[in-house]
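Remarks on the overall topology
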Amino acid sequence: MAGDDTKHVKPHPEPFMKALQVLDMRGNEVIYIGDNVSIDVPGAKAAGMRVGIINRYNAVDPGINNYKDVRPDFIIQSLTELLQLIGC
């Protein structure tokens with residue numbers, strides 16, 4: 001699946017819904033990890049997903065304070081932290 005497989009692009013929820021359809025999953029079964037608050041969080045949330053932002057560069061504010069009405073569920077510094085979060 002690629003960005004041109006849908007009529008709309010992120011942050012619209014359509015690409016996220018299409019991914020769920022392809023995976024035959026529901027939003028509440030998925031954790032989406034993004035790196036851009038304004039592009040990744042709104043669409044994934046609208047699709048019913050839990051959303052994490054990866055803050056690889058340990059920015060003091062990885063853009064979250066700019067989007068008070070759309071917040072990720074968690075922030076991680078590396079994908080290793082995700083494994084710990086989900087208990088692997």
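Further up the page is the structure itself.
Residues numbered from 1 in each chain as written. Predicted model: local features only at pLDDT ≥ 70, side-chain atom pairs only at ≥ 80, totals over all residues. Heavy atoms only, no water.

1. A look at the pairing of strand β1 (residues 31-34)
As a reminder, the rule being used: When DSSP locates at least two bridges between a pair of strands, those strands are taken to pair. Only DSSP runs of H or I reaching four residues or more are called helices, and only runs of E reaching two or more are called strands; each is numbered from the N terminus. Note on handedness: a clockwise path from strand one over the helix to strand two, with the strands aimed away from the viewer, defines a right-handed crossover.
Pairing of β1 with strand β2 (residues 50-54), which is carried by four bridges, proceeds in the parallel orientation. Across the sheet, I33 pairs through a bridge with G52, a residue of β2. Each parallel crossover has a hand, and for β1 linked through helix α2 (residues 37-46) to β2 it is right-handed.

2. Topic: the pattern of salt bridges
What counts, and what does not: For this analysis, a salt bridge means a side-chain nitrogen from Lys or Arg found within 4 Å of a carboxyl oxygen belonging to Asp or Glu. Under the scheme applied here, a residue whose accessible area is under 20% of the maximum for its type counts as buried, over 50% as exposed, and between as partly exposed, the area being computed with a 1.4 Å probe on protein chains only.
Counted by the stated rule, this structure contains three salt bridges. For the salt bridge of R26 with E29, the shortest nitrogen-to-oxygen distance reads 3.7 Å. With a relative accessible area of 55%, R26 lands in the exposed category. With its nearest N and O atoms 2.8 Å apart, the salt bridge here joins D73 to K45. You can see D73 sitting in the loop between β2 and β3 (74-76) and its partner K45 sitting in helix α2, a full 28 residues away along the chain. For K45, a relative accessible area of 32% puts it in the partly exposed group.

3. A word on the sheet that holds β2
As a reminder, the rule being used: Fitting a line to C-alpha atoms yields each axis, with helices limited to the stretch in contact; the angle taken between N-to-C directions then spans 0 to 180 degrees. Contact between two residues is taken to exist if any of their heavy atoms lie within 4.5 Å; hydrogens are not considered.
Sheet architecture is open: three strands sit in the order β1-β2-β3, paired in parallel fashion. A single partner strand is all that each edge strand has here, and the edge strands are β1 and β3. Each strand axis lies, on average, 30° off the axis of its neighbour in the sheet, ignoring direction. Bridge count for β2 against β3 is three bridges, and the pairing is parallel. Within β3, the residue paired with I54 across the bridge is I76. Packed on one face of the sheet, α2 meets β1 and β2 and runs near 165° to β2.

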